[in-house]
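Chain residues, written in single-letter form:
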Amino acid sequence: MSSIVKEILASPIQLADQVSKMAEEAQNFRQECLELKSKTEKLAGLLRQAARNSSDLYERPTRRIIDDTEQVLDKALVLVTKCRANSVIKRLFTIIPATAFRKTSMQLENSVGDVQWLLRVSASADERDDEYLGLPPIAANEPILCLIWEQVAILLSGASLDERSDAAASLVSLARDNDRYGRLIIEEGGVPPLLKLLKEGHLEGQENAARAIGLLGKDPESVEHIVNAGVCSVFAKILKDGHMKVQAVVAWAISELAANHPKCQDHFSQNNAIRLLVSHLAFETIQEHSKYAIANKHKSLHTLVLESNNTQEEEDDKNVVGRPTGANTSNQMHNVVSNTMAMKGITPKNNATPTGNHNNTGGGTNTKKHHGGTQHVSIAGTSIKGREYEDPITKIEMKAMAARALWQLARGNLSVCRSITESRALLCFAVLLEKGPEDVQSYSAMALMEITAVSEQHAELRRSAFKPTAPAAKAVLDQLLRVIENEQIDLLVPCIRSVGNLARTFRATETRLIGPLVRLLDEREAHVSTEAAIALNKFACTDNYLHENHCNAIIEAGGAKHLIQLVYFGEQMVQIPSVTLLCYIALHVPKSETLAQEEVLIVLEWCTKQAHLVEEHGIIQLLPEAKSRLELYQSRGRGFR
């Protein structure tokens, strides 16, 4: 850095010396040239002082100020050179406007002010004596740039941790107020000193630095710059060894960066962020979380959970596995979940204080005593040391942000989803979806939605993570079904989508999901009925091997009647998936007497006359085929009329 700044300063120092020499030799406008010489010498002295302090100078404003100063000195050199003309002919043909000296003198004064500001802003706090730096002339047209320079310079200058924390807080305010300010902070080199503060600062400074980084990643280009600066490894270090309050802000920042630039998902995954986030999610959610490792993927998740219970429970549950659709399985998993949550003291949703605002990471730490008879979680490594004594609000915030980060990291990424499903995260999501605070429930539901969406597109992941006999998958399914049956509005849409994404994993005997989805078609809010119809389409579509079984289940649950109502009277957003679902049912089970009794053929005939329906891409081929097939079977006189 020092050598670069010295190179930058070498040229203007030489120019200043030349201007002084030429001004001394001037024959014309002698008085004006001597005034320029005086200001140039003052500027040269400041430039030499800057060269001596080159190791302390902030490079970004240095380049900008020195470039402008060099241009001013070039103009001054040209002007004083003209004043050296000593022949009569040269004097006649050398025209110097009267305003030239005034303009050049003002520009030199501005350069002096700029360099003085640069020296002050790069100085330590003791040398500045907390004086107000003011605006340099160069920033008159863009004062925010000067403020950014000042705050970044404080981060770079080796000031006290408190001052650096305040500077990071100022950058947080700027980045939150305006996206352009955030881009300026990145362009002016603000990311590296923020990462340095995140590694070295105290609690408040680390929080401010992590929050600033999360706010700076507003677009893919900015996130790319932040990732290239080394944010992934720094964040992973904090998630492993940092204070939980800082870890919560870091998890939030990861979710922001991943949301705005999904390509960074793999970078975080390669730096072990997935494992660390799952560890935070599992803490006080399921037992023996410290044994989590991807290498355990060959060991049954069910076995890992049951290891925390007595031998009799283990034997009972093994007997239940052979009957995956029985009620005992759900009850057994519910007991495991309930016992684990009670043992670890997780606050149920109705007693919890949700802390969805990522800025709320405050609060002191409370010592939590474990009474006799309570099984204590083994602690291994500095990453979890002392976490059980954290403030309950901070614990809730940490879980919420960990789930939020996993949600964004899993979005559309097969390798991340595979890492998540090979861990205990699915079981954690099931537990938190049932008993977690409001924000934790919401982010857990969103994470499951993204994971199931990826598994829908990749059969290998679907078979390994959501096979019917997998205990974690059954626990997840039980909670999704519970949310749908209870119609929990805040969680309903992501849970409906998750069930739809898993439509191809269910056996023919697994019909308990069809009824609750069909009930959501009956006089519910339009967006809820739309999601239910889309999910049912994934059960009934031709790509689903068990489409005929699922279509019969939809009819038995009263789906045909509800669909007809939605086709005739529903909003367009729900009308289209309803028509599609009715077509699939008519196509796959045309012999159904219910379809004849409900006069579905007349409904499909009406649909063919609706321009907005027949032009829909998903209906244009399906509707005529379903109508003709239904006509074929109903015209054979099998008692359908």
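Criteria and thresholds
- Residues numbered from 1 in each chain as written.
- Predicted model: local features only at pLDDT ≥ 70, side-chain atom pairs only at ≥ 80, totals over all residues.
- Heavy atoms only, no water.
- Helix = DSSP H or I, 4+ residues; strand = E, 2+ residues; numbered from the N terminus.
- Buried < 20%, exposed > 50% of the residue type's maximum accessible area, 1.4 Å probe, protein only.
- Areas by Shrake-Rupley, 256 points an atom, 1.4 Å probe, with all protein chains shown as cover.
- Phe/Tyr/Trp six-rings, centres within 6.5 Å; stacked < 30°, edge-to-face > 60°.
- Contact = heavy atoms within 4.5 Å.
- Polar contact = N/O pair within 3.5 Å; in protein donor to acceptor, adjacent residues only side chain to side chain.
- Axes fitted to C-alpha atoms, helices over the stretch in contact; angles between N-to-C directions.
- Left-handed = near helix turned anticlockwise from the far one by under 90°.
- Nonpolar A, V, L, I, M, F, W, Y, C, P; charged D, E, K, R; others polar.
- Salt bridge = Lys/Arg side-chain N within 4 Å of Asp/Glu carboxyl O.
- Disulfide = S-S within 2.5 Å.
- Core = buried A, V, L, I, M, F, W, Y, C linked by side-chain atoms within 4.5 Å.
- pLDDT = per-residue confidence, 0-100.
- Parallel < 35°, antiparallel > 145°, perpendicular 65-115°, else oblique.
- Expected span 1.5 Å × (residues − 1).
- Patch = residues over 30% accessible without salt bridge, like charges linked within 9 Å, V, L, I, M, F, W, Y side chains within 5 Å.

S.K.: Got a minute to help me understand the overall build of the protein in this structure?
M.R.: Helices and strands together make up the secondary structure of the protein, namely 35 helices and 0 strands. Relative to its full complement of 641 residues, the protein shows a buried share of 54%. Surface accessibility of the protein: about 28,400 Å² in total, with carbon and sulfur atoms responsible for 48%.

S.K.: Where do I start with the packing of aromatic side chains in this structure?
M.R.: Any pair of aromatic rings gets described here by the distance separating the centres and the angle formed by the planes. One pass over the full model with this rule turns up 6 aromatic pairs. In textbook terms, an aromatic cluster arises when at least three aromatic residues are bridged by ring pairs, as seen for Tyr568, Phe569 and Trp606.

S.K.: What is the right way to read the environment of Leu595 from this model?
M.R.: When you line up the elements, Leu595 lands in helix α32 (residues 593–597). For Leu595, a relative accessible area of 1% corresponds to the buried category. Leaving out residues up to four positions away in the same chain, Leu595 has contacts with Ile555, Ala560, Ile585, Ala586, Val589, Val600, Leu630 and Gln634.

S.K.: So what exactly am I meant to see when it comes to the side chain of Gln408 here?
M.R.: On the secondary structure map, Gln408 appears in helix α20 (residues 392–410). For Gln408, a relative accessible area of 8% gives the class buried. Looking at Gln408, its side chain comes within polar contact range of the side chain of Arg411, at 3.1 Å. If sequence neighbours within four positions are ignored, Gln408 has contacts with Ser255, Ala258, Ala259 and Gln265.

S.K.: Hey, could you run me through the packing of helix α16 (residues 273–282) against helix α22 (residues 425–435) in this one?
M.R.: The packing of two helices is summarised by the inter-axis angle and the distance between the axes. The interhelical angle for the contact between α16 and α22, taken along N-to-C directions, is 35°, at an axis separation of 10 Å. Here α16 and α22 pass one another in a crossing that is left-handed. When α16 is examined against α22, the residues Val278, Leu281 and Ala282 are found in contact with a partner set consisting of Ala425, Cys428, Phe429 and Leu432. Here the residues of the contact of α16 with α22 are counted per class, giving 7 nonpolar, no polar and no charged.

S.K.: Help me understand the pattern of salt bridges in this model?
M.R.: Under the definition given, this model contains 19 salt bridges. As a salt-bridge pair, Arg164 and Glu200 come within 3.4 Å of each other at their nearest N and O atoms. Pair noted here: Arg164 is in helix α8 (residues 161–177) and Glu200 is in helix α10 (residues 191–200), with a separation of 36 residues, a long-range link. Given a relative accessible area of 42%, Glu200 falls into the partly exposed group. For Arg404, the salt bridge identified is with Glu256, shortest N-O distance 3.1 Å. Of the two residues, Arg404 sits in helix α20 while Glu256 sits in helix α14 (residues 244–260), which places them 148 residues apart along the sequence. Using a relative accessible area of 18% as the deciding quantity, one classes Glu256 as buried. When salt bridges with common partners are traced through the structure, they connect Glu24, Arg30, Lys37 and Glu41 into a single cluster.

S.K.: Just to check I follow, could you spell out the state of the cysteines for this structure?
M.R.: One way to say it: the disulfide is the covalent bond shared by the sulfur atoms of two cysteines. The tally for this structure, following the rule as stated, stands at 0 disulfides. Left unpaired, Cys232 is separated from the closest cysteine sulfur, that of Cys264, by 6.6 Å. According to the relative accessible area criterion, Cys232 is buried, its value standing at 6%. Looking at the unpaired Cys607, the closest cysteine sulfur is the one in Cys583, lying at 6.7 Å.

S.K.: I keep staring at unusual backbone geometry and nothing clicks. Help me out?
M.R.: Both trends apply: most residues other than glycine have a negative phi, and most peptide bonds are in trans. Notably, Asn272 is not glycine yet its phi reads approximately 75°, a positive angle. Positionally, Asn272 belongs in the loop between α15 (265–270) and α16. When its relative accessible area of 35% is taken as the criterion, Asn272 is described as partly exposed. A positive phi angle is found at Glu599, which is not glycine, with a value near 55°. Within the secondary structure, Glu599 is located in the loop between α32 and α33 (600–607). With a relative accessible area of 47%, Glu599 lands in the partly exposed category.

S.K.: Can you help me understand the nonpolar core in this one?
M.R.: Here is a general trend for soluble globular proteins: nonpolar side chains tend to be buried in one another's company. Val231, Phe235, Phe268 and Phe429 are the most contacted members of the largest nonpolar core, which has 198 residues in total. Beyond its immediate sequence surroundings of up to four residues, Val231 is in contact with Leu195, Ile213, Ile226, Leu257 and Phe268.

S.K.: Would you take a moment to explain the confidence of the model for the protein for this structure?
M.R.: Taken as a whole, the protein shows an average pLDDT of 81; of its residues, 79% reach a score of 70 or greater. Low confidence marks residues 288–383, where pLDDT is under 50. Its contacts with residues over four positions away, or in another chain, come to 158 contacts.

S.K.: It is not clear to me how the side chain of Asn501 should be interpreted in this structure. Could you clarify?
M.R.: Tracing the chain through its elements places Asn501 in helix α26 (residues 489–501). Among the polar contacts made by the side chain of Asn501, one reaches the main-chain carbonyl oxygen of Met449 at a distance of 3.4 Å. Side-chain polar atoms of Asn501 contact the side chain of Thr452, separated by 3.1 Å.

S.K.: I tried to follow the packing of helix α28 (residues 526–540) against helix α31 (residues 572–588) on my own but got confused; where do I start?
M.R.: Relative orientation of the contacting elements α28 and α31 amounts to 25°, with a least axis distance of 9 Å. On the basis of the axis angle, α28 is roughly parallel to α31. When you trace α28 past α31, the crossing you get is left-handed. Contact with α28, carried on its side by Ala526, His527, Ser529, Thr530, Ala533, Ile534, Leu536, Asn537 and Ala540, involves Met573, Val574, Pro577, Ser578, Thr580, Leu581, Tyr584 and His588 of α31 and no other residues of that element. Partitioning the contact of α28 with α31 into residue classes produces 10 nonpolar, 7 polar and no charged.

S.K.: What am I meant to see in α14 here?
M.R.: Counting along an α-helix, one turn takes 3.6 residues, and residues three or four places apart therefore face a common direction. In a regular helix each residue adds 1.5 Å, so 17 residues correspond to 24 Å; α14 covers 24 Å between its end C-alpha atoms and thus fits that length. Of all 17 residues in α14, 15 are buried, a share of seventy percent or more.

S.K.: Would you take a moment to explain a nonpolar patch on the surface for this structure?
M.R.: A cluster of nonpolar side chains, Tyr568, Phe569 and Ile602, forms an exposed patch at the surface whose accessible area comes to about 330 Å². The topology assignment puts Phe569 in helix α30 (residues 559–569). Accessibility expressed as a relative area gives 65% for Phe569, which makes it exposed.

S.K.: Please explain the environment of Glu32 as it appears in this structure.
M.R.: Among the secondary structure elements, Glu32 is positioned in helix α2 (residues 30–52). Look at Glu32 and you get partly exposed, because its relative accessible area is 32%. Glu32 sits 69 residues away from Phe101 along the chain, and the two C-alpha atoms are 6.7 Å apart.

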